[in-house]
Amino acid sequence: MAVAPHPLVSAARSLAEDVLAPNAARVDQEGVPVSHVEALRRAGLLGVSAPEEYGGAGAPDAVAREIAEILAGACCSTWFVQTQHHTPVRLLARAGLPVRERLLRPLATGELMAGIAFAHVRAFPRVPVRARAERGGWRFDGTVPWYTGWGLNDVMLLAGVTEADEVVFAFTDAREQPGLRPSPPMRLAALTAARTVTLELDGLWLPDESVVLRTPQKEFALVDRPRNTNASPAVFGVAEAALRVLEEAGETRTAHGLRGRLDEVRRQAYELAEHPVPHERIEERLTLKTRAYDLMRAATTAAIVAGSGRALRLDGTAQRLAREGMFLLVQGQTSDVRRAHLAALAQI
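Undergrad: So what exactly am I meant to see when it comes to the environment of Ala-303 here?
TA: Among the structural elements, Ala-303 can be located in helix H9 (residues 282-307). Here Ala-303 falls in the buried class, since its relative accessible area comes to 3%. The spacing of Ala-303 and Thr-254 is 49 residues in sequence and 10.0 Å in space, taken between C-alpha atoms.

Now the structure itself:
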């Protein structure tokens with residue numbers, strides 16, 4: 001007996017088919033519109049993993065992964081903006097601090113949209129953003145190299161590292177304010193539409209009540225490592241979209257061969273993602289991640305080859321998927337991931 005899809009998976013498919021995919025070429029050139037964020041909110045997709053008692057869906061990780069695949073395959077820029085939102089929601093769900101009661105419900109229901117400004121912590125021992133205790137709160141100084149969703153997000157989760165190598169996570173409004181200045185939006189080869197900026201921090205002060213987590217850098221690194229060593233659902237989503245382009249071009253044999261290999265890597269990668277000890281079997285996770293990259297690259301390349309010169313038009317799906325795939329090769333990249341990927345490429 002066939003199992004009915006989770007209601008949020010059905011909602012994601014409807015949104016992808018009716019809104020995201022038909023407008024993906026325009027969004028790629030013009031930027032993710034506020035209306036897309038509103039559509040995500042109405043569909044309940046901003047609260048996928050949030051606790052039900054706070055207005056979320058409390059869906060399993062498997063459902064969240066499937067939704068991520070669907071959204072990324074339809075419009076990777078929109079996926080990338082909204083995926084930032086879920087990390088603060090998950091963190092607040094585990095916190096027992098006053099900031100949870102202030103923010104978790106509006107974030108879970110989509111009343112507020114969150115972004116993240118903490119990837120730079122992975123550069124340790126280099127410290128792009130320094131946090132210092134000051135006047136019953138925390139002062140942040142330095143540069144956030146990448147912040148996505150500027151102009152779409154209401155709040156951001158910001159992190160800095162103290163002199164004692166403690167990571168401090170705190171919420172602030174996602175707007176220009178004393179001590180926080182954004183750059184103009186970056187022009188990138190892919191996902192310019194996601195509204196990414198650099199943030200200059202010069203004495204941004206946040207009260208203790210805004211802090212959601214303080215943890216030693218070593219503990220943060222241990223918890224954070226699996227997030228980057230696991231294969232991203234977005235990689236599978238973009239690859240699947242490219243295979244559909246292949247099928248539409250009549251290249252079913254190539255699409256079938258690639259899909260069988262993609263399905264097997266996905267199965268193995270998601271089994272590891274459910275492993276009860278997330279920081280174990282790192283090498284195996286990295287191997288599957290690089291295989292997923294290889295298959296995504298093969299699928300997007302095949303879509304371009306099948307489309308010939310027409311595939312290079314800026315309104316063409318194949319070239320957009322290839323550029324989105326290029327972006328995913330370095331999204332959330334750490335030194336471990338980079339070394340593993342380069343080693344795998346050297347064996348081709």
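Having put the structure on the table, let's press on.
Undergrad: Looking at this structure, how should I read H9?
TA: Owing to its 3.6 residues per turn, the α-helix aligns residues three or four sequence positions apart on the same side. For H9, with 26 residues, the first-to-last C-alpha span of 38 Å sits near the 38 Å given by 1.5 Å per residue. Just downstream of H9, Ser-308 is the residue with a positive phi angle, here 55°.

Undergrad: Looking at this structure, I do not really get the packing of H9 against helix H11 (residues 335-345). What am I missing?
TA: How two helices pack is summed up by the angle between their axes together with the distance between the axes. As a packed pair, H9 and H11 sit with axes 10 Å apart at the nearest point and diverge in direction by 60°. Judged by the angle between their axes, H9 and H11 are oblique. Handedness of the H9/H11 crossing: right-handed. Residues Leu-286, Lys-289, Thr-290, Tyr-293, Asp-294 and Arg-297 of H9 form the contact with H11, whose participating residues are Asp-336, Val-337, Ala-340, His-341, Ala-344 and Leu-345. In the contact of H9 with H11, the residues fall into six nonpolar, two polar and four charged.

What counts, and at which threshold
Residues numbered from 1 in each chain as written. Predicted model: local features only at pLDDT ≥ 70, side-chain atom pairs only at ≥ 80, totals over all residues. Heavy atoms only, no water. Helix = DSSP H or I, 4+ residues; strand = E, 2+ residues; numbered from the N terminus. Buried < 20%, exposed > 50% of the residue type's maximum accessible area, 1.4 Å probe, protein only. Expected span 1.5 Å × (residues − 1). Axes fitted to C-alpha atoms, helices over the stretch in contact; angles between N-to-C directions. Parallel < 35°, antiparallel > 145°, perpendicular 65-115°, else oblique. Left-handed = near helix turned anticlockwise from the far one by under 90°. Contact = heavy atoms within 4.5 Å. Nonpolar A, V, L, I, M, F, W, Y, C, P; charged D, E, K, R; others polar.

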